[in-house]
Structure formats: structure tokens, C-alpha cells
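The chain contents come next:
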Amino acid sequence: MIRKANVSEIEQIITITRACAANMIEQNIFQWNAQYPTLEAFENDSKRNELYVLTFSEEIIGSIVISTLKDEEYNDVSWLTEDANNYYIHRLAIHPEHQRKGYAKKLMNFAEDTAKENNATSVRLDTFSQNHRNQKFYEARGYQKLESIYFPRQSEHPFYCYELVF
């Protein structure tokens, strides 16, 4: 089941993202670290009603942010569509114990359906250049790879921007 997260569940979400970070680091993918994602980011997501959780047997096993807010890091990207009614995906996470079971696909289906139901022109996101599994995942869903952006607090490597046009 996918539903909006409660503020009281943010600690559980942080536990999941930390487990994801540790799992990626074991694979030499330094996408998330102690500086990201932050408790503050999830609190802001929750305040804007943009934080969702995926539950399995009443346990939170994943989360996603579905936002209409364009981050300033995206301002210089040449997107495929005009800035208007675009949706942005952030901080998609599935606990490592539950990965490779189709749960990320369920969250993305939900996010894309939410965007379509609200007449969005596209869905935009970024993923780490060193995370080839994520890149294949988004490209298989029809996302087009665009430009690179940098988050210096996270990595010296770029993040690739992607857009799915409806």
C-alpha cells in the first residue's frame, strides 16, 4: 500500500535511507552519505504533503517524494518541456531487504499516475552518474537522459537529469 507519510514516521524513513546508503557504499556507489538525505529534507517534504511511504504487512519498506517544487539546482537544465505543470521525484528508497522485488516500480507507477491525474506535462528527476542500475531503471521506463548537475556535498561526480514527457 502507498500512502502519505506521517511526520511520526520520518525516523523510520531515515533508517531506510541509511540502510540504502550503506548498501550502495558496499557497491562503491557513493550517492547518499551522512549529509544526504537529511531529516530536515523529509520534514519539509512532509509539511508540503509530498512524502509517501510504501508499506508491506503494515511495515514501511520504502518512500518517495512526489513534488511540484522545482529545486534551484534544476534551473539551468534544458528540460524537454517548458516549466509549467511538472512533477519532480526525489529520494526514492526501498529498504535493501526488499529490493529487486518490483517495489521501486510500484512507487514510480504511483508517482507517474499521480502526475498524469494532475495533468502534468512531465516527470523530472535526477540520479547519480555512478549508479548504473538506477539509470537503466529510469531509461527502461522511457525517461530521457539530459544534462548533468552537481551536488558537491554529496559527491564530486555528477547527477544525470531525466525527464518523462506525457
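A brief structural summary. As the structure is a prediction and not an experimental result, all values here were calculated from the model.

Focus on the overall build of the protein chain
Broken down by element type, the protein chain carries four helices and seven strands. Its C-alpha radius of gyration of 15 Å places the protein chain within 12% of the 15 Å reference for a compact globule of 166 residues. Counting only C-alpha atoms and orienting by the principal axes, one finds that the protein chain spans roughly 40 × 35 × 30 Å. Taken over 166 residues, the protein chain has a buried fraction of 49%. Counting only contacts in the protein chain whose residues sit at least 6 apart along the sequence, the fraction spanning at least 24 positions is 68%. Total accessible area computed for the protein chain in this model is approximately 8,800 Å², and 45% of it derives from carbon and sulfur atoms. Averaging the positions of the 18 positive and the 24 negative side-chain charges in the protein chain gives two centres separated by 5 Å.

A word on the packing of aromatic side chains
Scanning all chains against the criterion turns up 10 aromatic pairs. Taking 5.3 Å as the distance between ring centres and 75° as the angle between the ring planes, the aromatic pair formed by Tyr74 and Trp79 counts as edge-to-face. Trp79 carries the same exposure label as Tyr74, and that label is buried. Between the aromatic rings of Tyr138 and Tyr143, the centroid separation amounts to 5.8 Å while the plane-to-plane angle is 70°, which identifies the pairing as edge-to-face. For the residue pair Tyr138 and Tyr143, the accessibility class agrees, reading buried in each case. Above the plane of the ring of Phe42 lies Arg91, whose end atom (NZ or CZ) is 5.8 Å from the centre. Between the NZ or CZ atom of Lys145 and the centre of the ring of Tyr160, over which it lies, the distance is 3.9 Å.

Some remarks on helix 2 (residues 39–47)
Regarding helix 2, the residues found buried are Ala41, Phe42, Asp45 and Ser46. In an axial view of helix 2, the angular spread of the buried residues amounts to 135°, which keeps them on one side of the axis. Seen from the open side of helix 2, the exposed residues pointing more than 90 degrees away from its buried face are Glu40 and Lys47. Contact partners of the buried residues in helix 2: helix 1 (10–26), strand 2 (51–56), strand 3 (59–67) and strand 4 (86–94).

Criteria and cut-off values
- Residues numbered from 1 in each chain as written.
- Predicted model: local features only at pLDDT ≥ 70, side-chain atom pairs only at ≥ 80, totals over all residues.
- Heavy atoms only, no water.
- Helix = DSSP H or I, 4+ residues; strand = E, 2+ residues; numbered from the N terminus.
- Rg over C-alpha atoms; globule rule 2.2 N^0.38 Å.
- Buried < 20%, exposed > 50% of the residue type's maximum accessible area, 1.4 Å probe, protein only.
- Contact = heavy atoms within 4.5 Å.
- Areas by Shrake-Rupley, 256 points an atom, 1.4 Å probe, with all protein chains shown as cover.
- Lys, Arg positive; Asp, Glu negative; His and termini not counted.
- Charge placed at Lys NZ, Arg CZ, Asp CG, Glu CD.
- Phe/Tyr/Trp six-rings, centres within 6.5 Å; stacked < 30°, edge-to-face > 60°.
- Lys NZ or Arg CZ within 6 Å of the ring centre and 35° of its normal.
- Arc of directions from axis to C-beta.

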